[in-house]
Each structure stands twice: as structure tokens, then as C-alpha cells.
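Reading the structure
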Amino acid sequence: MGEQEQVQPAAPIGAASEDRGDPTTQQMRTVGQRRREAERKLDLHLEEASHKGEPSATEGEDHSEG
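Computed from a predicted model, the values in this text were never measured in an experiment. (Residues numbered from 1 in each chain as written. Predicted model: local features only at pLDDT ≥ 70, side-chain atom pairs only at ≥ 80, totals over all residues. Heavy atoms only, no water.)

To continue, consider the overall build of the protein. Within the protein, the secondary structure is distributed over 2 helices and 0 strands. Classification of the 66 residues of the protein by burial places 2% in the buried group. On the protein, roughly 6,900 Å² of surface is accessible, and the fraction owed to carbon and sulfur atoms is 51%. (Helix = DSSP H or I, 4+ residues; strand = E, 2+ residues; numbered from the N terminus. Buried < 20%, exposed > 50% of the residue type's maximum accessible area, 1.4 Å probe, protein only. Areas by Shrake-Rupley, 256 points an atom, 1.4 Å probe, with all protein chains shown as cover.)

Bringing a negative patch on the surface into the picture now. Where like charges cluster on the molecular surface, the negative patch consists of Glu39, Asp43, Glu47 and Glu48. Structurally, glutamate 47 is set in helix α1 (residues 25-51). (Patch = residues over 30% accessible without salt bridge, like charges linked within 9 Å, V, L, I, M, F, W, Y side chains within 5 Å. Salt bridge = Lys/Arg side-chain N within 4 Å of Asp/Glu carboxyl O. Lys, Arg positive; Asp, Glu negative; His and termini not counted. Charge placed at Lys NZ, Arg CZ, Asp CG, Glu CD.)

Fair warning: the whole summary comes from geometry, so function is off the table for now.
Right under this line is the structure:
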């Protein structure tokens, strides 16, 4: 029988060789921080969207002047 080369799967583009194992503490902190920022931004967008149909006090005053 001939020798067979063992081929390891290629890492995704941009992935460092140490990213193959468990994530480090710093990586987990970064992911958590990004998630919190994304959730905060989503909450802000949802709040703005829920108030979009409601005329604000300043909008009503602006339309009466003219």
C-alpha cells in the first residue's frame, strides 16, 4: 500500500492558525461587547420606528407656522 498524505481542512480566509481551537478570553469579551453594542443599536432603531408614526410636539408647532 502507498503512503497517503493527510490533508487538513483549510482555515477560512482571514482566520489565524490559533483560531482553530477554543476562543480566547479576549475574543469572548470582544464578541460580547459587539453583541451588546448591536443590541443597543437595535433597541434604538426599534424605539425610533415605534415613534415614527406619532407626530411630536415640535412637528405640530412647525406645521402651524407658515
